[in-house]
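Overview (structure and organization)
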2 protein chains.
Amino acid sequence: MCQLLAMNCNVPTDIVFSFTGFAHRGGRTDTHHDGWGIAFFEGAGVRHFVDHQAAIASPIAELIKRYPIKSTNVIAHIRKATQGQVALENCHPFVRELWGRYWVFAHNGDLKEFAPALDGAFRPVGTTDSELAFCFLLQELRRRFGDTAPDRAALHAALEELVRGIAAYGTFNMMLSDGTALFAHCSTKLCYVVRKYPFASACLSDEDLSVDFSQVTTPNDRVAIIVTEPLTTNETWTHFAPGELKLFVDGALQAASI
Amino acid sequence: MCQLLAMNCNVPTDIVFSFTGFAHRGGRTDTHHDGWGIAFFEGAGVRHFVDHQAAIASPIAELIKRYPIKSTNVIAHIRKATQGQVALENCHPFVRELWGRYWVFAHNGDLKEFAPALDGAFRPVGTTDSELAFCFLLQELRRRFGDTAPDRAALHAALEELVRGIAAYGTFNMMLSDGTALFAHCSTKLCYVVRKYPFASACLSDEDLSVDFSQVTTPNDRVAIIVTEPLTTNETWTHFAPGELKLFVDGALQAASI
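Below, the structure is looked at part by part.

Here is what the cut-offs are and how they apply
- Residues numbered from 1 in each chain as written.
- Chains lettered and ligands numbered in written order.
- Predicted model: local features only at pLDDT ≥ 70, side-chain atom pairs only at ≥ 80, totals over all residues.
- Heavy atoms only, no water.
- Buried < 20%, exposed > 50% of the residue type's maximum accessible area, 1.4 Å probe, protein only.
- Helix = DSSP H or I, 4+ residues; strand = E, 2+ residues; numbered from the N terminus.
- Pairing = 2+ DSSP bridges.
- Least-squares fit on C-alpha atoms with pLDDT ≥ 70 in both.
- Contact = heavy atoms within 4.5 Å.
- Salt bridge = Lys/Arg side-chain N within 4 Å of Asp/Glu carboxyl O.
- Axes fitted to C-alpha atoms, helices over the stretch in contact; angles between N-to-C directions.
- Core = buried A, V, L, I, M, F, W, Y, C linked by side-chain atoms within 4.5 Å.
- Phe/Tyr/Trp six-rings, centres within 6.5 Å; stacked < 30°, edge-to-face > 60°.
- Lys NZ or Arg CZ within 6 Å of the ring centre and 35° of its normal.

Residue and element names in this part refer to chain B. Extensive coverage of strand S7 (residues 173–177) is indicated by the burial of five of its five residues. Here S7 shows a buried face lined by Asn173, Met175 and Ser177 and a second buried face lined by Met174 and Leu176. Where strand S6 (residues 101–108) meets S7, five bridges bridge the pair, whose relative direction is antiparallel. Within the sheet, the bridge partner assigned to Val104 lies in S7 and is Ser177. Across four bridges, S7 lies against strand S8 (residues 182–185) in antiparallel orientation. Its bridge partner lying in S8, Met175 is registered against Ala184. Two successive antiparallel strands, S7 and S8, enclose a turn made up of four residues, where Gly179 displays a positive phi of approximately 95°.

This is the structure in structure tokens:
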């Protein structure tokens, strides 16, 4: 299984600390060495880095650990190939444009016999079940709402229905963002923490590193981190229930569903 | 005006030497400091780097100069903003998917009163005339050929017509690749060189650096470099005629048009 990491915040924040721990799972503390990727929204734009080297060996991952790119919505993924060969076009996250916005998607899990009809508006470039699911999601959103983006409540309701349909084919832990909100769906394993005032120190599970967030934040900052398995040993992580699609906006959980 | 650089080759080749000279135009030997970007095809996948810092000051440009990413099709751009503010979503090259392939596009020039009707299939995320032209090109290709990619000759013919139509609105030097071929259109300024056996040394115009290609190539390698202004002082660069759309495949010029 792959590993997912996402961040959603109310002010642009760098993900260096959390990514440092996460990247160690790509080949060192875990066996996810079939590539990795990360996408940062910056305004309406996206910085998208993918690499089919293990995250632990990648010069680009090294750059990201050193260069504090600030973003309000980030999605990262470390890949353990289940479907689709090890190739750049199969590395998550995937990026497409819909309604004049970029959408970023990453998936952990395995879909069996998932073969939806595609109308050609969004077609996979690679051979993963994940990119196929992403193309199908965007196609169905466009089919429902036409050329105009719906409000967030309508989008949330549509995604709940669509995601439930896809999850019937297998494990579908996934993260999706349009740069203004982050949706996270749990089939089997996902947890989150919201870091906010008063900030404390946190110690990484995967590396001997800690950070005192009170030194690098202001009292108004709020940062939600969503990940496959807890990244730190001294924060309280809340586990998603199977079937939950959670929506995070400005670093806060907006609604939950079952 | 912005600057464009592209590479098309028959074997995956790194662009470190040419990019090093080119990146110096982003803030040092020239005034193109409103961001930059580069996209490398690797198989069907794309590595896409954009930054709204000047290329000369960008840690990501520094990475690319040090990390030899090998590719058969590369498009790079250094931006001097004419339309659209300095923001990540306005940095070229732009990437979209059509027919299950990624397409990469960059533009140098300025289109006046260019406002084509968009059907919603491809919509700009940023505010540049360039991204609008790219969305229009892909829309029209899809409209002509439906859900199936045409052969290269039909694609070439369609692009000639479409590009001519767009160029009627202003300066439209542009580069477009789907990872298998590179199209380059000249309105005002573009030149190219094909490096092939017997390879010689080349000296950069923008930096005191030379490379002996015979040391880093095999006799079968063939590399076309297409750029706004010659990158080297001791190679023979061929200038495009205004209105020419040239097609490069496997490092060789395929056809020319006026």
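This brings us to the relation of the copies chain A and chain B. With an axial shift of 0.0 Å and an RMSD of 0.0 Å, the rotation relating chain A to chain B amounts to 180°. Accordingly, the operation relating the two chain copies is best matched by a two-fold axis. The fraction of interface residues of chain A whose copies in chain B are also interface residues reaches 100%, indicating that both copies meet through the same surface.

Turning our attention to the pattern of salt bridges. Residues and elements named next belong to chain A. For the structure shown, the criterion picks out 30 salt bridges over all chains. Notably, a salt bridge pairs Glu62 with Lys65, separated by 3.6 Å at the nearest N-O pair. Taken together, the residues span about one helical turn, with Glu62 and Lys65 both in helix H2 (residues 59–66) at a distance of three residues. The exposure class assigned to Glu62 is partly exposed, which follows from its relative accessible area of 30%.

All right, on to the sheet that holds strand S6 (residues 101–108) of chain A then. Residues and elements named next belong to chain A. Taken together, six strands build an open sheet; the order of strands is S5-S6-S7-S8-S14-S15 and the sheet is antiparallel. The sheet terminates laterally at strand S5 (94–98) and strand S15 (252–255), the two strands that pair on one side only. Along the sheet, successive strands turn relative to each other by an average axial angle of 25°, direction set aside. In this fold helix H4 (residues 152–167) packs onto S6, strand S7 (173–177), strand S8 (182–185), strand S14 (245–249) and S15, with an angle of close to 145° to the strand it touches most, S14.

Counting residues in each nonpolar core, the largest one holds 56 residues, and the members touching the most others are Trp36, Ile38 and Phe49 of chain A together with Trp36, Ile38 and Phe49 of chain B. Not counting the four nearest positions on each side in its chain, Phe49 of chain A is found in contact with Trp36, Gly37, Ile38, Phe40, Ile60, Ile64 and Ile69 of chain A together with Phe49 and Ile60 of chain B.

In this section: the packing of aromatic side chains. Following the criterion strictly, the structure yields 23 aromatic pairs over all chains and no others. Between the aromatic rings of Trp99 of chain A and Phe145 of chain A, the centroid separation amounts to 6.2 Å while the plane-to-plane angle is 70°, which identifies the pairing as edge-to-face. Here Trp99 of chain A, found in the loop between S5 and S6, pairs with Phe145 of chain A, found in helix H3 (residues 129–145); they are 46 residues apart in sequence, far enough to count as distant. Measuring from centroid to centroid gives 6.1 Å for Phe40 of chain B and Phe49 of chain B, while their planes differ by 90°, and the two rings are edge-to-face. A single burial state applies to Phe40 of chain B and to Phe49 of chain B, both of which are buried. In textbook terms, an aromatic cluster arises when at least three aromatic residues are bridged by ring pairs, as seen for Phe40 and Phe49 of chain A together with Phe40 and Phe49 of chain B. A cation over an aromatic ring shows up here: Lys246 of chain A above the ring of Phe240 of chain A, its NZ or CZ 5.3 Å from the ring centre.

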